Amino acid sequence: MVVLQAESLYLKRQQRMLVEDVNFSLKAGEILMLVGPNGAGKSTLLKMLAGEWRPDHGTVRIHEKRLQEWAPSDLALCRAVLPQQSPLTFPFSVKEVVGFGRTPHDTGVVEDQRIVEEQLAACDVLHLADSPYTQLSGGEKQRVHWARIFAQIGGISAPLLLMDEPTSALDLSHQLSLFQLLRERAAKGLSAVIALHDLNLAARFGDRMLMLKSGRVAAAGTPREVLTPATLATVFGLTAAVLPHPQGDYPLVVV
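Anyway, here's the lowdown on the structure attached to this text. (Residues numbered from 1 in each chain as written. Predicted model: local features only at pLDDT ≥ 70, side-chain atom pairs only at ≥ 80, totals over all residues. Heavy atoms only, no water.)

Quick look at the sheet that holds strand E2 (residues 16–27) now. In space, the four strands of this open sheet follow the order E2-E1-E4-E5, with antiparallel pairing throughout. This sheet does not close on itself; its edge strands, each paired only once, are E2 and strand E5 (65–66). Bridge analysis of strand E4 (residues 57–62) against E5 gives two bridges, and the strand direction is antiparallel. Bridging across to E5, arginine 61 finds its partner in arginine 66. In the packing of helix H1 (residues 42–50) onto the sheet, the strands contacted are strand E1 (2–13), E2 and E4, and the crossing angle to E1 comes to about 120°. (Pairing = 2+ DSSP bridges. Helix = DSSP H or I, 4+ residues; strand = E, 2+ residues; numbered from the N terminus. Contact = heavy atoms within 4.5 Å. Axes fitted to C-alpha atoms, helices over the stretch in contact; angles between N-to-C directions.)

Printed below as a string of structure tokens:
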């Protein structure tokens, strides 16, 4: 089942081409990593996939339906978005923030509470459930938003996640545990497009990669196909070695 399609996407702002001729499709259960240097177009592409920015040319389809044909309420029932920053200045409790993810649903208070508590525990923030969100550390806030989007797609068949730098504030332990959680849910049909700077984390947990440079696709394929010394030199200007990872079947980038 194809969950997401991007067809010939172009976007220009102030005489600068931000995204140019990007094409890909995503099947249920796949995790696609968007990688590339700063300014490559990763966040811009995610905004287009989310419907926040409309392309100058091209089409985004979710479950084979054009993005602009979706009613926002229906789209919220099959797709969740985690932006780079989620500003929230009111002192809602952590449980309330995660509960916002259940807003599109009509599943009743008991079921919503069950799903919220399940995601709080899964993202290691259950012990913070009654704490004011505004008093949390950056990493704790990020884990709360992971729980919120997981709550939003709870009980949904073949859901889609769009995530922009979702580990930027996380310690190493939580980076690994949350991506392992994502992989477990991908095995049950979840799909995700994730913009990530950490190439080794992307290689470990991504099924495929889309490497961008100046808004264009510089390389696409499996992590092993994309992460080559030649590509890293061209896109990042780096002299890097790419080795077999000693603990898994994925490449390791050594700079």
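On we go from here.
For the rest of this paragraph, the subject is the pairing of strand E7 (residues 160–164). Across the five residues of E7, five count as buried, placing the element largely inside the fold. Side chains Leu160, Leu162 and Asp164 of E7 all project onto a buried face; the interleaved residues Leu161 and Met163 project onto the opposite face, where all are buried too. Of the pairings in the sheet, the one linking strand E6 (residues 79–82) to E7 comprises four bridges and is parallel in character. Counterpart to leucine 82 in the pairing with E7 is methionine 163. Alignment of E7 against strand E8 (residues 191–195), held across five bridges, turns out to be parallel. Its bridge partner lying in E8, leucine 161 is registered against alanine 192. For the crossover that starts at E7, traverses helix H6 (residues 172–186) and ends in the parallel E8, the hand is right-handed. (Buried < 20%, exposed > 50% of the residue type's maximum accessible area, 1.4 Å probe, protein only. Right-handed = clockwise from strand over helix to strand, strands pointing away.)

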